[in-house]
Amino acid sequence: MIDRRTFGKAFGVGTGAAAMAMTGLGTANAAGSSAAAQRGSSTKGTGIPASTVPPVVPDTHTAFPAVKQVKAGLLDVGYAELGPSHGPVVLLLHGWPYDIHSFVDVAPALSRLGYRVLVPYLRGHGSTTFLSPRTPRTAEQSAVALDIIAFMDALRIDRAVLAGFDWGSRTADIISALWPERVKALVSTSGYVITDVEAQKTPAAAAVEHNWWYQWYFSTDRGKQAMENADECKALCRLVWQIVSPNWNFDDATFERTAQAFTNPDYAATVLFNYRWRIGLVETDPRYVRYEKLLAAAPKIGVPTITLDPALDPFTPAGDGANYRTYFTGAYDHRTIQNIGHNLPQEAPTVFAQAVVDADHL
């Protein structure tokens, strides 16, 4: 999930005056809709008109086509692929405790508009495995970002639209900041979420720390044991879903489809490392130190960007994105999504897919 220090006001709900109510069947906010109208049939950079995404009812789709595998960097990456092989590429990046099914409705909506949509399992999730048993099962933010760069290289993708939430937002933000030549446009749920490890050493407000109960749990041996026990891990992850998406009435089948990704043999090690690393309990692997030094400087992001704030997400700060606006220096739009929680693409697939299309045409 996101960074407690980046969202130091996370106990507030983002309901900025410019925002308007949006649901899973909604369209973009007033600013986004106006921009779309002004664009008309613009095909800037895509060969595809800037389209309005037809409404998608959440849970319309339950599965992807057969998951593919590709050796990329340190990993054998599992991924879903939809759409024409020569279409403009969109990479959809999931978070924790989720998997590729967060995009099970978004991906078909985009593929029907002519996009080639790729949805990879992040390291330690689903069918993505390490190629060598000797590779440390670390999960620094730069390690996950480099995984996606390697994935793009393996599939010979020079540039793509990157869109994600949670770990996926952070990964997309990092690639956009450090390797902007690989990014055509960015959709970042919760805005600028690159982790400042040094800032993590300072206590946040009590209400903020309360939201991070699982991070502190993961720092204990009790939390480690829970993550390494299949039943306890699933119960913990399901509780997180319920807390951070209070209006999302998912059923058992929806959760179980994603929970299969938690059975990866490196799942516990990867997740535990990521959260322990963020608060300085474990050291950065030497191969990633130079990248983390670059990220510690909070690099600006200059690629065309749309940021999304789900208003019911306990990690969304008040202020309609104002607290991170200065980190984005290129073409930009911000949207606050009412009545939606943390798992934005699965709860409101139309809104998320429309943001991808609109970002591609900024």
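Residues numbered from 1 in each chain as written. Predicted model: local features only at pLDDT ≥ 70, side-chain atom pairs only at ≥ 80, totals over all residues. Heavy atoms only, no water.

K.L.:
Talk me through the packing of aromatic side chains; I want residue IDs and the actual numbers.
P.N.:
What the rule picks out here adds up to 26 aromatic pairs. Here W167 and Y275 contribute two aromatic rings whose centre-to-centre distance is 6.1 Å and whose plane-to-plane angle is 50 degrees, an arrangement assigned as tilted. Of this pair, W167 sits in helix α4 (residues 167–178) while Y275 sits in helix α10 (residues 267–278), placing them 108 residues apart in sequence. Y275 matches W167 in its accessibility class, with the two residues each being buried. Measuring from ring centre to ring centre gives 5.6 Å for W213 and Y214, while their planes differ by 90 degrees; the resulting arrangement is edge-to-face. (Phe/Tyr/Trp six-rings, centres within 6.5 Å; stacked < 30°, edge-to-face > 60°. Helix = DSSP H or I, 4+ residues; strand = E, 2+ residues; numbered from the N terminus. Buried < 20%, exposed > 50% of the residue type's maximum accessible area, 1.4 Å probe, protein only.)

K.L.:
How would you sum up the pattern of salt bridges? Please name residues and give values.
P.N.:
Taken as a whole and assessed by the stated rule, the structure comprises 13 salt bridges. Between K234 and E256 there is a salt bridge, with the nearest N and O atoms lying 2.9 Å from each other. One end of the pair, K234, is in helix α8 (residues 230–244); the other, E256, is in helix α9 (residues 252–259), with 22 residues separating them in the sequence. Residue E256 is classed as partly exposed on the basis of its relative accessible area of 30%. A salt bridge links R287 to D285, with the nearest nitrogen and oxygen atoms 3.3 Å apart. The exposure class of R287 is partly exposed, given its relative accessible area of 39%. (Salt bridge = Lys/Arg side-chain N within 4 Å of Asp/Glu carboxyl O.)

K.L.:
Account for unusual backbone geometry, naming residues and giving values.
P.N.:
Here the bond from W96 into P97 is cis, since omega is 0 degrees, no more than 30 degrees from zero. Relative to the helices and strands, P97 resides in the loop between β3 (89–93) and α2 (106–111). You will see that A298, though not glycine, has its phi angle at about 50 degrees, which is positive. Within the element layout of this structure, A298 appears in the loop between α11 (289–296) and β8 (305–310). Owing to a relative accessible area of 27%, A298 belongs among the partly exposed residues under this scheme. Located in the positive-phi region is N339, a residue other than glycine, with phi close to 65 degrees.

K.L.:
Before we move on, can you summarise α9 with the specific residues and values?
P.N.:
For α9, every residue scored as buried is listed here: T254, F255, T258 and A259. Down the axis of α9, the sector holding all buried residues measures 130 degrees, keeping them to one side. Each element contacted by the buried residues of α9 is listed here: α8 and α12 (344–347). (Arc of directions from axis to C-beta. Contact = heavy atoms within 4.5 Å.)

K.L.:
Give a description of the pairing of β3 that names residues and reports values.
P.N.:
By the criterion of burial, β3 is predominantly enclosed, with five of the five residues buried. By the alternation rule, side chains of β3 split into V89, L91 and L93 and V90 and L92, which are all buried. In this sheet, strand β4 (residues 116–120) lies alongside β3 in parallel orientation, the contact comprising three bridges. The partner of V90 across the bridge, within β4, is V117. One crossover worth recording links β3 to the parallel β4 by way of α2, and it is right-handed. As judged from the four bridges shared by β3 and strand β6 (residues 160–164), these two strands associate in the parallel manner. From the neighbouring strand, L92 faces β6, where its bridge partner is A163. (Pairing = 2+ DSSP bridges. Right-handed = clockwise from strand over helix to strand, strands pointing away.)

K.L.:
Tell me about the environment of N247, and name the residues and values.
P.N.:
Within the secondary structure, N247 sits in the loop between α8 and α9. Along the sequence, N247 and E347 sit 100 residues apart, while their C-alpha atoms lie 8.9 Å from each other. Excluding residues within four positions of it along the chain, N247 makes contact with L312 and N339.

K.L.:
Which residues make up the pairing of strand β9 (residues 332–337), and what are the values?
P.N.:
Of all six residues in β9, six are buried, a share of seventy percent or more. Bridge analysis of β8 against β9 gives six bridges, and the strand direction is parallel. Opposite D309, over in β9, you have T336 as the bridge partner.

K.L.:
Tell me about the side chain of D266, and please be specific about residues and values.
P.N.:
Relative to the helices and strands, D266 resides in the loop between α9 and α10. The class of D266 is buried, set by a relative accessible area of 13%. Residues within four places of D266 in sequence aside, it is in contact with G124, F130 and R137.

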